[in-house]
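Results of the structural survey
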Amino acid sequence: MLKGVIIDIDGVITGTEPIFYHLKTVGLKLTTASSLANPKPAPNLFLTAAKELGILPEECLVITDSEKGTIAAKAAGIPCIGFINPASGKENLSRAYALLESFASVDAAYLHRTHAHAMSYPAEILTTKRLLIREFSKEDFPFLYPMCSNPETASFMEETPADYETEQEKHLSYLSNIYPIFDLALWGVFEKNTGTLIGRAGFSLPEDENGAFSLGYLIDVPYRKRGYAKECIPTLLAYAKDLGYTTISAKVKTDNTASQRVLNQCGFPYHYTTDDTGRLFLYTICLTI
């Protein structure tokens, strides 16, 4: 888990940029590498920085604007983000896991996700009183498939799941192609006290460039009627709002009265439209209100 960030950018001092103040307020430790000895590309510079923060190298993330910085980070075993700094010239940042052109869109959630992906583990997205919402991993699929293919669940899904092998291939493709790119996605819902996968919740991609992300959720049959959906949906909507999204949609089958009731209780308006097939109610909520 990410616990600290090492800034290796000339002229950037921890605390002078708004992003650095924000990271401190959410509990991430910060330091700069400019004042430390042991020049790059030797890894000693970043290893010393991690030690000064009191955390392990694998619990750090380096943000650097130099090729030597990316080499040093890799040698130290620390994931690295390359900052394309106009003041640094044309540096080769190809060794970095990800690239930034600006700090304007960088927040703690982005850094946590990037660190998790670089270290090949699922990123934690949100927590509630009883639930952990995190990215799926490949190891989750044997538990996810029976949940989605259960007739009591599948009957309310927009698409009925295919066979195990086909769905597993789609699952692995989703992990590789969606999580690293999009900040809204579908995630696993786990009970905190048991670690059990009890559902799936999050957002589906817009159907066109002018569309909104669509809220979706399912709770496994044995865990229904415990208030889990009403516990996680407001948290998901708040997360989307914090990321700057202003409109979220939702689709519910016309005979799924339970989900219609849950959406209304979580703030979605009672009015809706119907899709072309007449089988889906379409809801939209404005997050700016």
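In this numbering scheme, every chain counts its residues from 1 along its sequence in written order. Whole-chain, interface and lining totals are the exception, using all residues; otherwise, since this is a predicted model, local features are given only for residues with pLDDT of at least 70 and side-chain atom pairs are given and counted only at 80 or more. Water and hydrogen atoms were dropped before computing side-chain values, which therefore reflect all heavy atoms in the structure.

1. A word on unusual backbone geometry
- Look at Ser120: it is not a glycine, yet its phi comes out positive at around 65°.
- Every helix listed is a DSSP run of H or I at least four residues long, and every strand listed is a run of E at least two residues long, numbered separately from the N terminus. As for its position among the elements, Ser120 is in the loop between α4 (108–118) and β6 (124–127).
- We classify Ser120 as exposed; its relative accessible area is 67%.
- In this model, Lys225 sits at a positive phi of 65°, which is unusual for a non-glycine residue. Only protein chains enter the accessibility calculation, which uses a 1.4 Å probe; a residue is then buried when its area is under 20% of its type maximum, exposed when over 50%, and partly exposed in between.

2. Comments concerning the pairing of strand β10 (residues 213–219)
- Of all seven residues in β10, five are buried, a share of seventy percent or more.
- Strand pairing requires that DSSP identify at least two bridges connecting the strands. Of the strand pairs in this sheet, strand β9 (residues 197–204) and β10 are connected by six bridges, and their pairing is antiparallel. Pairing of Arg200 across the sheet is with Leu218, part of β10.
- Bridging between β10 and strand β11 (residues 247–253) involves three bridges; their strand directions are parallel. Within β11, the residue paired with Phe213 across the bridge is Ile248.
- For crossovers, right-handed means that the path from the first strand over the helix to the second runs clockwise, given strands pointing away from the viewer. Tracing the backbone out of β10, into helix α8 (residues 228–242) and back to the parallel element β11 gives a crossover that is right-handed.

3. Section: a nonpolar patch on the surface
- Only residues whose relative accessible area exceeds 30% and that form no salt bridge enter a patch; like-charged residues are grouped when within 9 Å of one another, and nonpolar side chains (Val, Leu, Ile, Met, Phe, Trp, Tyr) when within 5 Å. Per-residue accessibility takes into account occlusion by the displayed protein chains alone, with areas from the Shrake-Rupley method and a 1.4 Å probe. When a carboxyl oxygen of Asp or Glu lies within 4 Å of a side-chain nitrogen of Lys or Arg, that pair is called a salt bridge. Taken together, the side chains of Ile181, Phe182 and Leu205 make up a nonpolar region of the molecular surface, amounting to roughly 270 Å² of accessible area.
- Within the secondary structure, Leu205 sits in the loop between β9 and β10.

4. Brief notes about the layout of surface pockets
- Reported here for the second largest pocket is a volume of approximately 560 Å³.
- Ala108, Ala109, His112, Glu124 and Ile125 are the residues nearest the centre of the second largest pocket, which is lined by 21 residues in total.
- At the level of elements, α4, β6 and α8 are the ones that each hand at least two residues to the lining of the second largest pocket.
- With six residues, α4 is the single largest residue contributor to the lining of the second largest pocket.
- Per-class residue counts for the lining of the second largest pocket are 13 nonpolar, four polar and four charged. Both site types are read off a 1 Å grid over the protein atoms alone. A 1.4 Å probe that fits but cannot get out defines a cavity, while an open set with protein on both sides within 12 Å along at least five of seven lines defines a pocket; lining residues have an atom within 4 Å of a point. Grid points are joined across faces, edges and corners, and a volume is the space filled by probe spheres set on the points. Think of it as three bins: nonpolar holds Ala, Val, Leu, Ile, Met, Phe, Trp, Tyr, Cys and Pro, charged holds Asp, Glu, Lys and Arg, and polar takes everything else, Gly as well.

5. A closer look at the sheet that holds strand β1 (residues 4–8)
- Taken together, the five strands give an open sheet; going across it, the order is β2-β1-β3-β4-β5, and neighbouring strands pair in parallel fashion. The open sheet is flanked by β2 (29–32) and β5 (98–100), the only strands paired with a single partner. Strand after strand, the sheet turns through a mean of 20° between neighbouring axes, direction not considered.
- Bridge analysis of strand β4 (residues 80–83) against β5 gives three bridges, and the strand direction is parallel. Across the sheet, Ile81 pairs through a bridge with Ala98, a residue of β5.
- A contact between two residues is defined here by any heavy atoms of the two lying within 4.5 Å. For helices, the axis comes from a line fit to the C-alpha atoms of the stretch in contact; other axes are also lines fit to C-alpha atoms, and the angle between any two N-to-C directions lies between 0 and 180 degrees. Sheet strands touched by helix α3 (residues 67–76): β1, β3 (60–64) and β4. Its angle to β3, the strand with the most contacts, is close to 165°.

6. Some thoughts on the side chain of Ser66
- Assignment of secondary structure puts Ser66 in the loop between β3 and α3.
- Classification of Ser66 as buried rests on a relative accessible area of 12%.
- A polar atom in the side chain of Ser66 sits 2.9 Å from the backbone nitrogen of Gly69.
- Each residue touching Ser66, except ones within four places of it in the same chain, is listed here: Asp8, Lys40, Glu91 and Leu93. Any pair of nitrogen or oxygen atoms within 3.5 Å is treated as a polar contact; in protein, a donor-acceptor pairing is required on top of that, and neighbouring residues in sequence qualify only through side-chain atoms on both sides.

7. Observations regarding the packing of aromatic side chains
- Note on aromatic contacts: the rings of Phe and Tyr and the six-membered ring of Trp form a pair at centre separations within 6.5 Å, being stacked when their planes are under 30 degrees apart, edge-to-face when over 60 apart, and tilted otherwise. Throughout the structure, instances matching the rule amount to nine aromatic pairs.
- Here Phe83 and Phe103 contribute two aromatic rings whose centre-to-centre distance is 4.9 Å and whose plane-to-plane angle is 35°, an arrangement assigned as tilted. Residue Phe83 is found in strand β4, and its partner Phe103 is found in the loop between β5 and α4; the two are separated by 20 residues along the sequence.
- Taking the relative accessible area as the measure of exposure, Phe83 reaches 10% and is therefore buried.
- On the numbers, 5.2 Å between centres and 70° between planes, the contact of Tyr145 with Tyr164 is edge-to-face. One end of the pair, Tyr145, is in helix α5 (residues 141–149); the other, Tyr164, is in helix α7 (residues 164–177), with 19 residues separating them in the sequence.
- Looking at Tyr145, the relative accessible area reads 16%, which means it is buried.
- Three or more aromatic residues link up through ring pairs in this structure, and these residues are Phe141, Tyr145 and Tyr164.

8. Details of the side chain of Thr64
- The topology assignment puts Thr64 in strand β3.
- Exposure remark for Thr64: the relative accessible area of 0% places this residue in the buried category.
- A distance of 2.7 Å separates polar atoms of two side chains, one belonging to Thr64 and the other to Asp8.
- Here Ser66 takes part through its backbone nitrogen, which lies 3.3 Å from a polar atom of the side chain of Thr64.
- The residues touching Thr64, leaving out its near neighbours within four places in the chain, are Asp8, Ile9, Gly69, Thr70, Cys80, Ile81, Gly82 and Phe83.

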